[in-house]
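Analysis of the macromolecular model
These are the residues of each chain, in order.
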Amino acid sequence: MEVLNSIANLLKNVREKSPLVHHITNYVTVNDCANITLAIGASPIMADDKKEVEQMVSLVSALVINIGTLNERTIESMVLAGKKANERGIPVILDPVGIGATTLRTDTVRTLINNIKFSVIKGNMSEIKLVAGEKVEIKGVDSAASEEGAVQIAKDLSKQLNCVIAITGAKDIITDGDRVLYAQNGHKLLGRVTGTGCMTASLIGSYCGANKDYLMATAAAVITMGIAGEKSMESLKDGEGIGSFKVRLFDNVFNLTTDEIKERGKVRYE
Amino acid sequence: MEVLNSIANLLKNVREKSPLVHHITNYVTVNDCANITLAIGASPIMADDKKEVEQMVSLVSALVINIGTLNERTIESMVLAGKKANERGIPVILDPVGIGATTLRTDTVRTLINNIKFSVIKGNMSEIKLVAGEKVEIKGVDSAASEEGAVQIAKDLSKQLNCVIAITGAKDIITDGDRVLYAQNGHKLLGRVTGTGCMTASLIGSYCGANKDYLMATAAAVITMGIAGEKSMESLKDGEGIGSFKVRLFDNVFNLTTDEIKERGKVRYE
Amino acid sequence: MEVLNSIANLLKNVREKSPLVHHITNYVTVNDCANITLAIGASPIMADDKKEVEQMVSLVSALVINIGTLNERTIESMVLAGKKANERGIPVILDPVGIGATTLRTDTVRTLINNIKFSVIKGNMSEIKLVAGEKVEIKGVDSAASEEGAVQIAKDLSKQLNCVIAITGAKDIITDGDRVLYAQNGHKLLGRVTGTGCMTASLIGSYCGANKDYLMATAAAVITMGIAGEKSMESLKDGEGIGSFKVRLFDNVFNLTTDEIKERGKVRYE
């Protein structure tokens, strides 16, 4: 399948180029983000002080911004880092964790999208709707309840921000405004381990840092985490649960082959 | 056994209600706290900025405050969050990690108990004595050396603060000032993994977020961690140690059944 | 072998004395640092607020400073803690993570070495060269390209700062300015898990907290992590990768015996 062959090639590129991926992220899942970045073959850098983020951005191939545990100090650093990344033309990924839960988060996302040109924004349906609410008109409260409505919101937001939008869920929707990709790997146990969403953003950063097609890179990241989740689930023995599952996620991303992507990947164009 | 049947029911409630548990906690064990909350069937939220903690508290069923890595920024957030939680009538759990080691920690605990009505305070004997020292008269230096003395301190503190007090140790003591529960599950290897105490506080938050009887909910949490510790220990193979033990803790909390609580739980009233 | 017998004895001392090791470290790998400290038999304390670090230092046997995720608040705490540790005569270990990547890191290391007498500075070749660049003249750009050049830089820096210098790599170089030890345990997979360098610094802190010969203590720590890495690698089954490898690191440090040090240790004097 054409798409899966492309994605398999993107994985090869990550491993050959081993891009540096700068994260400004939350302190809850930061260790997992670093290790998943290493697992896929890229290299993580975590730094969040305003006095050094611009210099760090000068050294890297991608920047991931995650608002999981915001505070005033790091918001300023996010803006500085994002602007510098834009200046350099490297991809910037946004994970708007928990937008809508608090005014601080919603305001911060507004500040970020007003100051930074993002390459990819990834969230669940509720998060993406709230990001969209800042920028595009959503017609009717129920418009996102249908898959069709969700796709339309994602496409509109994508065009408005000139940015790949990824809505993660049982079926992932990824669009650059024109093309729409649907991905269906994964397992619901991924939702029972903290940070699998954050780690997916790290994988997006890793793939985008080594590949120019950000739509396909985002699909590759989502498929990577999905296949790793499936394989980790399949490997669980009696008495094992989310502890062992999480350990295997790193094993399975580390060991992921291009053949596995081609055999197990479930992704299609609209 | 009556108590164990009750505790088994509390576990069912956690899994049915999946309460949101807000944590303001340390950056050392925060990931483990999030995952143990997910393992038992509840949902964690970590947020510590003063600009958003009150709104976060408005969304949740319980608040856990842990002073493991204090700083000025988060102390203010703890007070704001705790007051809001009191306003809403949701349970607030305090883990006074390392009180007495520094003036900052002792002062912070004083500030917290003077501003916030806690539902449960959990610590080891030394920590609880120091919390008590802020509020109740301890008769003689050796009064806590005996189990009897320890129980009296816990009861007095409990009455003074109108709060469940849990003293964790080889034998856990849990009291609401009238009733006293003794729990004896666990294994000493739990003391060789960082964060098992913090995780117990997360479990208390999870149980209290889904159940109104905070004394029993606290006993349930302590028993849950204790049984998970025993099972993890039993499962260790040659060459395995605290790395594998920690992974299994999450597995065993995740897989804990009500039958296991009834069969393995060691808890009795005074 | 004489050196390995000595190192085996140092391990015994760590387990007998269980020294408290205070860390001011980054939020990426802090949990792993705490657990590796527990695994070797010491006890970790993490605290970074300027209001409490001096009191914490008063309680401990060693201090580890790691600049992995710097910010203004913690830099001040590092200086206060380091000065207090010097006053008390306890060992202070520096891990200058990422020095040279940003001005903030380079300036901070300069501030630290100008204000604090370190007992051990550990880094990779590039980091140690940059620390040396602050203090000793490096003759010619290529002087560190050869092993001979590297050893000379380490010795000069060691004499200048009156401090053990450890350069980690495929072959580790450890010197107190006079004696030079070469250690060669380890596996390249250690470089694919975040925090193995930070954990080595924690092990150095643990060994130095229980032993007066800091040169040998540093070698012991490096050998400990190296042997654990080798054993973890050997134990990997099909389908396992960095997730399982990391879990086993803790298992293997926890289970390390003095006999294993004697049998597997690869360390020799110049």
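Residues numbered from 1 in each chain as written. Chains lettered and ligands numbered in written order. Predicted model: local features only at pLDDT ≥ 70, side-chain atom pairs only at ≥ 80, totals over all residues. Heavy atoms only, no water.

Here is the rule: UniProt positions are given in the numbering used here, feature names are shortened, and annotations may be inferred rather than shown by experiment.
Going by the annotation in an unreviewed UniProt entry, the name recorded for chain A is Hydroxyethylthiazole kinase, with Clostridium polyendosporum given as the source organism. As stated in UniProt under Cofactor (unreviewed entry), the record for chain A gives "Mg(2+)". Under the UniProt heading Function (unreviewed entry), the entry covering chain A gives this text: "Catalyzes the phosphorylation of the hydroxyl group of 4-methyl-5-beta-hydroxyethylthiazole (THZ)."

Points about the environment of Met199 of chain A
All names here are of chain A. Test applied: Helix numbers and strand numbers start at the N terminus; a helix is a DSSP run of H or I with at least 4 residues, a strand a run of E with at least 2. Contact between two residues is taken to exist if any of their heavy atoms lie within 4.5 Å; hydrogens are not considered.
Take Met199: it is sitting in helix 8 (residues 196-210). In the structure, Met199 is positioned 72 residues away from Glu127 in sequence and 17 Å away in space, judged by C-alpha atoms. Ignoring any residue separated from it by four or fewer positions in sequence, one finds Met199 in contact with Asp32, Cys33, Ile36, Thr194, Met225 and Phe250.

Some remarks on empty space enclosed by the protein
To keep it simple, the criterion reads: Points on a 1 Å grid, built from protein atoms alone, make a cavity when a 1.4 Å probe fits but cannot get out and make a pocket when they are open with protein on both sides within 12 Å along at least 5 of 7 lines; residues with an atom within 4 Å of a point are the lining residues. Grid points are joined across faces, edges and corners, and a volume is the space filled by probe spheres set on the points. Throughout, the ten residues Ala, Val, Leu, Ile, Met, Phe, Trp, Tyr, Cys and Pro are labelled nonpolar, Asp, Glu, Lys and Arg are labelled charged, and all others, Gly among them, are labelled polar.
All told, the structure shown has one cavity of 30 Å³ or more when counted by the stated rule. In this model, the largest cavity occupies a volume close to 570 Å³. Together, 35 residues line the largest cavity, and Lys246 of chain A, Asp32 and Lys246 of chain B together with Asp32 and Lys246 of chain C are the ones closest to its centre. Elements represented by at least two residues in the lining of the largest cavity include exactly helix 2 (30-40) and helix 10 (242-255) of chain A, helix 2 (30-40) and helix 10 (242-255) of chain B together with helix 2 (30-40) and helix 10 (242-255) of chain C. Split into classes, the residues belonging to the lining of the largest cavity amount to 19 nonpolar, 10 polar and six charged.

Some details on the interface of chain C and chain A
Put simply, the test is: When two parts are brought into contact, each loses some accessible area as probed by a 1.4 Å sphere; the total of that loss over both is the buried area. For this document, the term salt bridge refers to a Lys or Arg side-chain nitrogen within 4 Å of an Asp or Glu carboxyl oxygen. Think of a polar contact as two N or O atoms within 3.5 Å of one another; within protein, one of them needs to be a possible hydrogen donor and the other a possible acceptor, and neighboring residues in sequence only count if both atoms come from side chains.
Contact with chain C, which involves 27 residues of that partner, is made by 26 residues of chain A. Around 2,200 Å² of area is buried between chain C and chain A when both sides are counted, 53% of it from carbon and sulfur atoms. Considering only the side of chain C, the residues that lose the most area to chain A are Tyr27, Arg192 and Ile242 of chain C, jointly responsible for 27% of the buried surface there. Counting across the interface, chain C meets chain A through two salt bridges. With a shortest N-O distance of 3.5 Å, Glu72 of chain C and Lys51 of chain A are connected by a salt bridge. Inspection of the chain C/chain A interface yields 14 residue pairs in polar contact (both at pLDDT 80 or more). Mapped onto the side of chain C that touches chain A, the elements with two or more residues apiece are helix 5 (103-115) and helix 10 of chain C. In terms of residue count, the dominant contributor to the side of chain C that touches chain A is helix 10 of chain C (five residues).

Describing the relation of the copies chain C and chain A
To keep it simple, the criterion reads: Superposition of the copies was done by least squares, using only C-alpha atoms of residues whose pLDDT is at least 70 in both.
With an RMSD of 0.0 Å, chain C superimposes on chain A once it is rotated by 120° and translated 0.0 Å along the axis. The operation mapping one copy onto its partner corresponds to a three-fold rotation axis. Considering only C-alpha atoms, the residue of chain C closest to the rotation axis is Tyr27 of chain C, which sits at 3.7 Å. Interface residue correspondence from chain C to chain A reaches only 7%, placing this contact among heterologous pairings that use different surfaces.

With respect to the sheet that holds strand 7 (residues 172-175) of chain C
All names here are of chain C. Just so we agree on the cut-off: A pair of strands counts as paired when DSSP detects no fewer than two bridges linking them. Throughout, an axis means a line fitted to C-alpha atoms (over the contacting stretch in the case of helices), and angles, computed between N-to-C directions, take values from 0 to 180 degrees.
The sheet built from nine strands is open, its strands ordered 2-1-3-4-5-6-7-8-9 with mixed pairing. A single partner strand is all that each edge strand has here, and the edge strands are strand 2 (43-46) and strand 9 (267-269). Taking the axes of each pair of neighbouring strands and ignoring which way they run, one obtains an average angle of 20° across the sheet. For strand 8 (residues 180-183) and strand 9, the ladder comprises three bridges, and the chain directions are antiparallel. Considered in strand 9, the bridge of Tyr182 is made with Arg268.

A look at the pairing of strand 2 of chain C
Residues and elements named next belong to chain C. Short version of the rule: Here the term right-handed applies to a crossover when the path leading from its first strand over the helix to its second strand runs clockwise, the strands being oriented away from the viewer.
Alignment of strand 1 (residues 20-24) against strand 2, held across four bridges, turns out to be parallel. Residue pairing in the sheet places His23 in a bridge with Met46 of strand 2. In the classification by handedness, the crossover that spans strand 1, the intervening helix 2 and the parallel strand 2 is right-handed.

Considering the packing of helix 9 (residues 214-235) of chain C against helix 10 of chain C
Residues and elements named next belong to chain C. Heads up, the condition is: Here is the rule for angles: anything less than 35 degrees is roughly parallel, anything more than 145 is roughly antiparallel, 65 through 115 is roughly perpendicular, and the remaining ranges are oblique. Crossing chirality is assigned from the near helix's rotation relative to the far helix, an anticlockwise turn below a right angle marking it left-handed and a clockwise turn marking it right-handed.
Running from N to C, helix 9 and helix 10 cross one another at 125°; their axes reach a closest spacing of 8 Å. As judged from the angle between their axes, helix 9 and helix 10 are oblique. Classified by chirality, the crossing of helix 10 by helix 9 is right-handed. Residues Thr224, Met225, Ala228, Gly229, Lys231, Ser232, Met233 and Ser235 of helix 9 pack against Phe245, Arg248, Leu249, Asn252 and Val253 of helix 10. Residues belonging to the contact of helix 9 with helix 10 are distributed by class as follows: six nonpolar, five polar and two charged.

Topic: the relation of the copies chain A and chain B
When chain A is fitted to chain B, the best match, at an RMSD of 0.0 Å, comes from turning it 120° and sliding it 0.0 Å along the axis. The two copies present different faces, since only 7% of the interface residues in chain A are matched by interface residues at the equivalent positions in chain B.

Side note on the UniProt feature "binding site: ATP" (unreviewed entry) in chain A
Residue and element names in this part refer to chain A. Feature annotation in UniProt assigns "binding site: ATP" (unreviewed entry) to the following positions: Lys122 and Thr168. Separation in sequence by 47 residues is not matched in space for these annotated residues, since their most distant C-alpha atoms are only 7.2 Å apart. Mapped onto the elements of the fold, Lys122 is located in strand 5 (residues 120-124). The contacts of Lys122, once residues within four sequence positions are left out, are Leu94, Asp95, Pro96, Ile128, Ala166, Thr168, Gly197, Thr200, Ala201 and Ile204. Only 3.4 Å separates the side chain of Lys122 from the side chain of Asp95, close enough to count as a polar contact. Those residues within four positions of Thr168 in sequence are excluded, and the remaining contacts are Lys122, Gly123, Asn124 and Met125.

Brief notes about the sheet that holds strand 8 (residues 180-183) of chain B
All names here are of chain B. Overall, mixed pairing links the nine strands, which are arranged 2-1-3-4-5-6-7-8-9 in an open sheet. Each edge of the open sheet carries a strand with a single partner, namely strand 2 (43-46) and strand 9 (267-269). Taking each pair of neighbouring strands and ignoring which way they run, the sheet shows an average axis angle of 20°. The sheet contacts of helix 2 involve strand 1 (20-24) and strand 2, and relative to strand 2 the element is tilted by about 155°. Across the sheet, helix 4 (residues 72-88) is in contact with strand 1, strand 3 (62-66) and strand 4 (92-95); its angle to strand 3 comes to roughly 155°.

Side note on helix 1 (residues 2-17) of chain B
Residues and elements named next belong to chain B. Going by this rule: To estimate how far a helix should reach, multiply one less than its number of residues by 1.5 Å. Throughout this description, buried means an accessible area under 20% of the type-specific maximum (1.4 Å probe, protein chains only), exposed means over 50%, and partly exposed covers the range between. In this description, one arc is meant: the one made by directions from the helix axis to the C-beta atoms.
For helix 1, spanning 16 residues, the distance from its first C-alpha to its last is 23 Å, which sits close to the expected 22 Å at 1.5 Å a residue. Turning to helix 1, its buried residues number three or more, namely Val3, Leu4, Ile7, Ala8, Leu10, Leu11 and Val14. Looking straight down helix 1, one finds that the buried residues subtend no more than 155° of arc, so they occupy a single side. Among the exposed residues of helix 1, those oriented more than 90 degrees off its buried face are Glu2, Glu16 and Lys17. Where helix 1 is buried, its residues contact helix 2, strand 8, helix 8 (196-210), helix 9 (214-235), helix 11 (258-264) and strand 9. Just beyond helix 1, the residue with positive phi is Ser18, at close to 40°.

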